Amino acid sequence: MQKKNDWRAWLYLAPVIILLAVFIFYPLISTIAIAFTKDYNYTAQSGSGFTFDNFATIFETTYVDDGSGNLTAVYSDVVKYAIPNTLIIVFVTVPVSIILALLISVGLNSIKFLKKIFQTIFFMPYVTNAIAVGMVFSVIFMGGSNGDGLWNTIFQTTGYTWVDQGAPASRAMLALCVYSVWHALPFKILIFLSGLQNIDKQYYDAAMIDSAGKMKIFSSITVPLLSPQILYIMITSFIGSFKEYTSVVGLFGRAGTLSGYNNMYTIVYYIYDTISLRQVQYGCAAAVMLFVVILIFTAIQFAVSSKRVYY
Amino acid sequence: MEIRLKNLTKVFPGNPKKGIKDTIAVNNLDITIPDGKLIGLLGPSGCGKSTTLYLIAGLQVPTSGEIWFGDEEVTRLSPDKRGIGLVFQNYALYPHMTIYKNVAFPLTNLRVEENRVYKVDVPAKIDSQGNVVAPAHKAGDIVLDVDGNPLKIKRKLKPEEIDSIVRKTAKLVQIEDYLLRKPNQLSGGQQQRVAIARALAKSPRVLLLDEPLSNLDARLRLQTREEIRRLQQRTGVTTIFVTHDQEEAMSISDEIVVMKLGVEQQRAHPQEIYNNPINKFVANFLGTPPINFFNGNVKENKLYINEECVLDLGEKKLADQEVTVGIRPEGFEVDPKGAMHVECQNIETLGRDISIVAKHPCCERPMVKIIIDADTKVQAGIVTLRLKPHKVFLFNTKTEERIW
Amino acid sequence: MNIFKKIGSSFEKLDKKLSTQPTNVKASYENVETDNLKLVIREGTISIDKMEKIQKVMKVISLIIIYGFLALMAIVVILPFYWMIITSLKTNDEIRATTQTFWPMVVMWSNYANALNKTVFDFPTYLINTLIVGIISTLGTLITTIFAAFAFARLNFKGKDILFMILLATMMIPGEMMVITNYITVANFGWLNDGSLSQLWPSVDGQWFSGARLGAYLAMIVPFWVSVLYIYLLRQNFKQIPNELYLASKVDGKSDWNFLWKVMVPLSSPTLISIFILKLMGAWNSYVWPNLVADDPDFRLITNGLRNAFSVDGNVQYGYQMAATVVVTVPLLLLFIFFRKYIMKGVGRAGIKG
């Protein structure tokens with residue numbers, strides 16, 4: 001019979017608990033600790049006290065004398081590139097991909113013929129590799145001295161450089177956003193579609209009998225009844241896009257459009273860089289900040305949504 | 001609004017690959033439903049009554065035939081343009097809206113048609129010679145078109161108007177206390193009243209109810225069917241409801257349409273259907289306890305069951321033939337001089353009546369059910385019975401049609 | 001704090017505007033004259049015939065719009081794949097030509113041969129590494145997941161619920177919080193390139209096995225042997241197995257272990273297959289962690305190898321790049337075609353957990 005307190009369960013759980021302890025709980029504490037450690041020494045793995053300095057250093061603005069006594073501010077790469085880039089990615093790609101995915105899902109849900117084929121096609125980007133397809137997109141966005149790629153040809157923007165050497169940050173960002181949205185669609189479509197299919201057809205019948213037009217049905221019935229999925233997608237998308245990294249690597253191969261020039265930096269790219277630079281205290285600080293920002297955003301979303309999401 | 005179904009047929013195509021045949025859900029139905037009446041569509045499951053309802057609603061399109069609302073043919077019109085109210089079997093209340101918003105929803109999709117009025121005083125138009133080209137108008141005057149008819153405009157309902165209608169309808173079905181609740185906070189009976197309110201709020205041309213009482217418990221059923229009746233009489237809206245419970249249909253309908261396998265069997269006032277069933281199916285379907293059927297035959301205008309001459313057919317003459325005899329439970333009288341003998345198995349006193357369960361060799365069912373007056377004295381064993389002629393129906397053994 | 005209040009109140013205002021209920025009016029509107037309102041449907045004065053015609057036309061138009069939109073989106077989605085394949089078959093000059101072609105003028109199968117050259121893109125090495133890491137990692141995950149899911153689904157023990165809550169909470173933590181420390185941990189274990197393992201078994205030319213290789217593999221496999229998400233999924237699955245089966249096996253005198261492997265696992269095989277495939281795909285696609293801990297060209301995983309094989313400066317050999325990309329992507333697409341059901345169901349269920 002089933003015991004009330006089966007100690008054997010702990011045996012079954014032992015591997016999981018050990019692995020989690022070593023690779024999740026311990027790192028969690030350690031990262032926070034390192035973030036606040038003064039003068040952390042990588043090789044010695046120790047430091048000398050508690051401080052907020054690591055956080056400050058990330059944002060540090062150094063002042064450079066340009067030779068004539070004028071001091072110009074040189075912002076850290078994090079402030080100059082990582083934060084703005086990440087914010088642009090988050091606030092551009094998430095709404096665009098959600099709206100597109102919603103429209104596609106609603107369209108898919110309303111057809112019968114060819115539905116399976118479309119579903120398969122729309123899911124394809126998900127099984128692929130962010131790096132591999134990133135490289136494909138770098139070919140698509142070829143331009144400048146490398147010759148015009150597909151994008152330039154279709155949009156008649158001959159000679160523009162998007163991801164190649166020397167491309168201006170704005171264009172590079174556009175390419176990155178296009179790629180991100182492309183890659184983010186399938187998962188959203190999958191979730192939205194399954195949510196739509198769970199809405200009882202009778203509600204649509206009742207709405208038709210209540211003389212509601214197609215637009216009204218969409219806004220008053222479909223969207224509210226889909227709101228749990230929409231909220232879920234919003235939260236996971238925001239979190240995911242804050243952590244954007246592999247798409248930059250795939251598309252650009254490095255953190256910017258010119259060697260040594262980090263104009264495509266994202267926050268997570270910075271974190272990984274600090275490992276190779278052996279300056280992990282800054283990486284840890286950045287990671288802690290990232291975590292906090294994500295928490296705040298998620299909390300805001302929950303608060304705003306509680307009134308409007310119907311389960 | 002009078003509703004006319006003309007040769008209405010609905011066939012659901014089968015799947016030849018899977019060997020599923022076409023299903024004829026509604027077969028050549030031709031009915032006129034008079035304005036302002038409460039009509040019941042009655043029949044066993046699969047008889048096409050719900051399909052008929054959905055055809056009237058517009059949620060299904062007929063394979064052939066016509067549907068007329070008054071003098072408009074609406075056969076292929078989509079449901080949102082038909083102006084009907086439908087109460088679903090599962091109510092289909094919008095789960096994310098409050099009751100108030102549920103009932104108000106149809107009103108937000110409708111428009112008010114009214115006469116266009118001048119908002120301000122308009123002076124007369126005078127041409128260069130001093131003649132009046134167009135007369136003056138005061139604010140509030142109705143605008144006329146070239147033929148002199150009032151010009152109509154359509155506008156949305158104002159929030160106050162919506163509020164008023166919602167509250168009035170809520171009062172009608174007694175849900176005023178729940179207006180701010182959500183559907184999942186209400187009981188089944190309350191949800192149903194909300195569904196009715198939502199259907200009635202828009203002053204529909206016809207009110208349709210799909211098995212309204214089947215999801216309610218027994219106690220609530222009696223209460224609710226009276227409410228439906230009351231509402232229908234109060235609002236005067238043509239109402240059609242679908243049910244498989246003959247007692248329900250009998251108790252509140254102005255007319256019943258009995259259906260079997262998509263075909264109308266009989267259509268009449270409930271009492272008429274009970275007293276004069278058109279065929280064996282109808283006779284069997286209505287009446288509790290159900291009618292008893294016997295094998296019998298007619299010889300020289302007399303009815304014989306089990307070699308016993310139980311009834312003289314009288315004026316209406318019938319040829320000699322084998323017949324199926326239907327006798328209502330209340331169609332027996334205990335009479336020592338009676339011709340019919342049954343072997344009594346069980347006697348139950350039900351207060352007002354006595355119920356006898358008996359055996360008879362020619363009865364189609366294993367037992368004969370007999371209801372007699374409680375004052376009658378009856379003993380176990382063989383009971384002699386006399387038949388009341390107006391409770392006896394004779395049916396053709398093959399076609400099952402009523403011949404006497 | 002004020003900003004939150006402002007956001008909240010502006011939503012309130014929007015809500016009020018959109019709702020039909022007058023929220024600041026008293027309930028005495030029953031006296032508003034509504035009995036004489038003539039309610040009509042929007043196009044109430046058009047003839048029925050016209051309405052039906054309009055209906056038909058609208059239906060056709062909407063179908064055209066929907067299919068058109070979907071087709072356009074589908075093309076946008078497929079275009080990169082198509083471009084990848086045809087670019088891999090073009091000459092470098094054609095790729096860089098000012099007018100792009102939608103079909104290679106000369107089909108350059110040689111691009112593949114050149115790309116798979118060991119000096120450019122060492123496919124066999126990367127493939128073997130990825131398969132080893134992938135399969136061991138997946139098998140390990142399956143075992144830990146089965147054990148843990150069994151414990152949570154079937155056994156009762158003190159602290160079960162709290163532990164499960166903690167487990168779920170870890171899913172919320174971004175991986176970046178753990179990466180740095182895990183790197184240090186792995187280094188401390190000696191699994192990295194100049195760590196203790198590589199000194200234990202120094203690399204010998206021509207010998208496949210070495211301490212460094214073992215270390216690299218361990219570093220890539222072990223930290224991810226546990227997946228809380230899959231534990232959650234499998235637990236759901238296990239819970240759906242009826243209790244009667246368990247009791248029946250008890251009556252037959254079988255142990256829990258027997259029940260787990262002879263009954264629960266077979267019954268959950270669709271989910272297990274999904275997990276297997278998804279984890280394998282994960283190993284195939286993984287870049288970040290292997291890039292950190294296994295950057296020796298001999299130990300690289302396939303995605304890692306892909307990115308590092310081609311530089312972005314100088315004369316970029318796009319044809320070779322794309323050929324290599326095709327080689328990396330095709331297995332995934334094949335997996336997708338054959339196991340589509342498992343993949344989509346697995347992702348879907350993993351997604352619904354929210």
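Residues numbered from 1 in each chain as written. Chains lettered and ligands numbered in written order. Predicted model: local features only at pLDDT ≥ 70, side-chain atom pairs only at ≥ 80, totals over all residues. Heavy atoms only, no water.

Side note on the sheet that holds strand 23 (residues 381-387) of chain B
All names here are of chain B. In plain terms, the rule: One bridge is not enough; two strands pair if DSSP finds at least two bridges between them. The numbering of helices and of strands both runs from the N terminus, where a helix is a DSSP run of H or I of at least 4 residues and a strand a run of E of at least 2. For every element, the axis is a line fit to its C-alpha atoms; helices are fit only across the contacting stretch, and the angle between N-to-C directions ranges from 0 to 180 degrees.
Spatially, the 5 strands line up as an open sheet ordered 19-23-20-21-22, and their pairing is antiparallel. Edge strands, defined here as strands with exactly one partner in the open sheet, are strand 19 (332-334) and strand 22 (368-373). For this sheet, the mean inter-axis angle between neighbouring strands, taken without regard to orientation, is 50 degrees. Taken together, the 6 bridges between strand 20 (residues 340-349) and strand 21 (residues 353-359) define a ladder with antiparallel strand orientation. Counted as the bridge partner of Asn346 is Val357 from strand 21.

Focus: the sheet that holds strand 18 (residues 321-327) of chain B
Residues and elements named next belong to chain B. Across the sheet, 5 strands lie side by side as 17-16-15-18-24; this open sheet has antiparallel pairing. Only two strands of the sheet have a single neighbouring strand rather than two, namely strand 17 (308-312) and strand 24 (392-396). In this sheet, adjacent strand axes meet at a mean angle of 40 degrees when their direction is disregarded.

Looking at the interface of chain C and chain A
Condition: Residues count as neighbours in contact if any of their non-hydrogen atoms are within 4.5 Å of one another. We define buried area as the total accessible area lost by two parts upon association, computed with a 1.4 Å probe and summed across both. The term salt bridge refers to a pairing of a side-chain nitrogen on Lys or Arg with a carboxyl oxygen on Asp or Glu at a separation within 4 Å. Throughout this description, a polar contact denotes any pair of N or O atoms lying within 3.5 Å of each other; where both atoms belong to protein, one of them has to be capable of donating a hydrogen while the other can accept it, and for residues adjacent in sequence the pair is counted only when both atoms sit in side chains. For this classification, the nonpolar set comprises Ala, Val, Leu, Ile, Met, Phe, Trp, Tyr, Cys and Pro, the charged set comprises Asp, Glu, Lys and Arg, and every other residue, Gly included, is treated as polar.
With 108 residues of chain C at the interface, the matching set in chain A holds 106 residues. Carbon and sulfur atoms make up 73% of the area that chain C and chain A hide from each other, which totals about 9100 Å². In terms of surface lost to chain A, no three residues of chain C exceed Glu176, Met177 and Ile180 of chain C, which account for 8% of the buried area on that side. Where chain C meets chain A, there are 0 salt bridges. The interface formed by chain C and chain A contains 11 residue pairs in polar contact (both at pLDDT 80 or more). Considering only residue class, the side of chain C that touches chain A consists of 72 nonpolar, 23 polar and 13 charged.

Here we look at the interface of chain A and chain B
Contacts between the two partners involve 16 residues from chain A, matched on the other side by 24 residues from chain B. Between chain A and chain B lies a buried interface of about 1800 Å² when both sides are counted; carbon and sulfur atoms form 63% of it. Among the residues chain A hides against chain B, the three largest losses belong to Gln202, Ile209 and Asp210 of chain A. Together they make up 36% of the total. A salt bridge links Asp210 of chain A to Arg198 of chain B, with the nearest nitrogen and oxygen atoms 3.9 Å apart. There are 11 residue pairs in polar contact (both at pLDDT 80 or more) connecting chain A and chain B. Only helix 8 (201-209) and helix 9 (214-225) of chain A provide two or more residues apiece to the side of chain A that touches chain B. With 7 residues, helix 8 of chain A is the largest single contributor of residues to the side of chain A that touches chain B. For the side of chain A that touches chain B, the class distribution of residues is 10 nonpolar, 3 polar and 3 charged.

Description of the domain arrangement of chain A
Residue and element names in this part refer to chain A. Operational definition: An automatic or database domain assignment is the source of the domain bounds shown.
Each assigned domain of chain A is listed with its residue range as follows: domain 1 (2-74) and domain 2 (76-305). Inter-centroid distance (C-alpha atoms) of domain 1 to domain 2 is 28 Å. Facing 13 residues of domain 1, the contacting portion of domain 2 comprises 15 residues. With both chains or domains summed, domain 1 and domain 2 bury close to 1400 Å², and 79% of this area falls on carbon and sulfur atoms. Considering only the side of domain 1, the residues that lose the most area to domain 2 are Tyr42, Ile58 and Phe59, jointly responsible for 44% of the buried surface there. Joining domain 1 to domain 2, the criterion identifies 0 salt bridges. On the surface where domain 1 and domain 2 come into contact, there are 0 residue pairs in polar contact (both at pLDDT 80 or more). Put simply, the parts of the chain that give the side of domain 1 that touches domain 2 at least two residues each are helix 1 (8-35) and helix 2 (53-58). When grouped by side-chain class, the residues that make up the side of domain 1 that touches domain 2 number 9 nonpolar, 3 polar and 1 charged.

A few points about the packing of helix 5 (residues 123-154) of chain C against helix 10 (residues 228-239) of chain C
Residues and elements named next belong to chain C. Just so we agree on the cut-off: Orientation is classified from the angle alone, with under 35 degrees giving roughly parallel, over 145 giving roughly antiparallel, 65 to 115 giving roughly perpendicular, and any other angle giving oblique. A clockwise turn of the near helix away from the far one marks a right-handed crossing, whereas an anticlockwise turn of less than a right angle marks a left-handed crossing.
Where helix 5 meets helix 10, the axes come as close as 8 Å, and the angle between the chain directions of the two elements is 50 degrees. Relative to helix 10, the element helix 5 is oriented oblique. For the pair helix 5 and helix 10, the crossing hand works out as right-handed. Facing helix 5, whose interface residues are Thr141, Thr145, Ile146, Ala148, Ala149, Phe150, Phe152 and Ala153, helix 10 presents Tyr230, Ile231, Leu234, Arg235, Phe238 and Lys239. Looking at the contact of helix 5 with helix 10 residue by residue, the classes come out as 10 nonpolar, 2 polar and 2 charged.

Concerning the pairing of strand 11 (residues 206-210) of chain B
Residue and element names in this part refer to chain B. To keep it simple, the criterion reads: Burial here depends on accessible area, computed with a 1.4 Å probe over protein chains only, as a share of the maximum for the residue type. Under 20% is buried, over 50% is exposed, and the range in between is partly exposed. By definition, the crossover connecting two strands over a helix is right-handed if that path, from the first strand to the second, turns clockwise as seen with the strands pointing away from the viewer.
In terms of burial, strand 11 is a largely internal element, 5 of the 5 residues being buried. In strand 11, alternate side chains face the same way, and those of Val206, Leu208 and Asp210 on one face and Leu207 and Leu209 on the other are all buried. Sheet topology note: the strand 6 (residues 84-87)/strand 11 ladder contains 4 bridges and is parallel. Residue pairing across strands places Leu86 opposite Leu208, the latter belonging to strand 11. Bridge analysis of strand 11 against strand 12 (residues 238-243) gives 5 bridges, and the strand direction is parallel. Counterpart to Leu208 in the pairing with strand 12 is Ile240. With helix 5 (residues 218-235) bridging strand 11 and the parallel strand 12, this β-α-β connection has right-handed handedness.

Observations regarding the packing of helix 12 (residues 267-276) of chain A against helix 13 (residues 280-305) of chain A
When two helices pack together, their arrangement is given by the angle between the helix axes and the distance between those axes. All names here are of chain A. Viewed as axis vectors pointing N to C, helix 12 and helix 13 meet at an angle of 155 degrees, and their least axial separation amounts to 7 Å. Taken together, the axes of helix 12 and helix 13 lie roughly antiparallel to each other. Considering how the two elements wind past one another, helix 12 and helix 13 form a crossing that is left-handed. The segment helix 12 lies against helix 13, with Ile267, Val268, Tyr270, Ile271, Thr274 and Ile275 engaging Val280, Tyr282, Gly283, Ala286, Ala287 and Leu290.

So, the confidence of the model for chain A
Where we set the bar: Note: pLDDT gives the predictor's confidence per residue, expressed from 0 to 100.
Chain-level statistics for chain A give a pLDDT mean of 82 and a share of 89% at 70 or above. The secondary structure element of chain A with the lowest average pLDDT is strand 2 (residues 71-75) of chain A, at 65, and the one with the highest is helix 8 of chain A, at 92.

Quick word on a nonpolar patch on the surface
Residue and element names in this part refer to chain C. Filter applied, for reference: By definition, no residue in a patch forms a salt bridge, and every one has over 30% relative accessible area; like charges are joined within 9 Å, nonpolar side chains (Val, Leu, Ile, Met, Phe, Trp, Tyr) within 5 Å. Computed by Shrake-Rupley with a 1.4 Å probe, the accessible areas treat only the displayed protein chains as cover when residues are assessed.
Taken together, the side chains of Ile273, Val330, Leu334, Ile337, Phe338 and Phe339 define a hydrophobic patch exposed on the protein surface, amounting to about 550 Å² of accessible area. Per-element tally for the nonpolar patch: the top contributor is helix 16 (residues 318-352), with 5 residues. In this fold, Val330 is placed in helix 16. Classification of Val330 as partly exposed rests on a relative accessible area of 36%.

With respect to unusual backbone geometry
All names here are of chain B. Going from Thr288 to Pro289, the amide bond is cis rather than trans, its omega being -10 degrees. Residue placement: Pro289 occurs in the loop between helix 8 (280-285) and strand 15 (292-299). Unlike most non-glycine residues, Ser203 shows phi in positive territory, near 50 degrees. On the secondary structure map, Ser203 appears in the loop between helix 4 (188-200) and strand 11. On the basis of relative accessibility, which here comes to 56%, the residue Ser203 falls in the exposed class.

Quick notes on the nonpolar core
Inclusion rule: Joining through side-chain atoms within 4.5 Å is the link that ties buried Ala, Val, Leu, Ile, Met, Phe, Trp, Tyr and Cys residues into a set, and such a set is a nonpolar core.
Ranked by size, the top nonpolar core spans 233 residues in total, and within it Phe122 of chain A together with Phe238 of chain C carry the most contacts. The greatest single-element share of this core, amounting to 16 residues, is contributed by helix 7 (residues 169-197) of chain A. In terms of nonpolar packing, the next biggest core, distinct from the first, is built from 39 residues, Tyr91, Val112, Leu231 and Phe241 of chain B among them.

A look at the domain arrangement of chain B
Here chain B is partitioned into domain 1 (3-83 + 204-271) and domain 2 (290-396). Taken over C-alpha atoms, the centre of domain 1 of chain B sits 36 Å from the centre of domain 2 of chain B.

With respect to the pattern of salt bridges
Applying the stated criterion across every chain, the model contains 17 salt bridges over all chains. Here Asp312 of chain B and Lys302 of chain B are joined by a salt bridge, their closest N and O atoms 3.5 Å apart. With Asp312 of chain B in strand 17 and Lys302 of chain B in strand 16 (residues 302-305), this residue pair connects regions lying 10 residues apart in the sequence. Its relative accessible area of 47% is what places Asp312 of chain B among the partly exposed residues. Connected through salt bridges with shared partners, the residues Asp210 of chain A together with Arg198 and Lys202 of chain B form a single ionic network.

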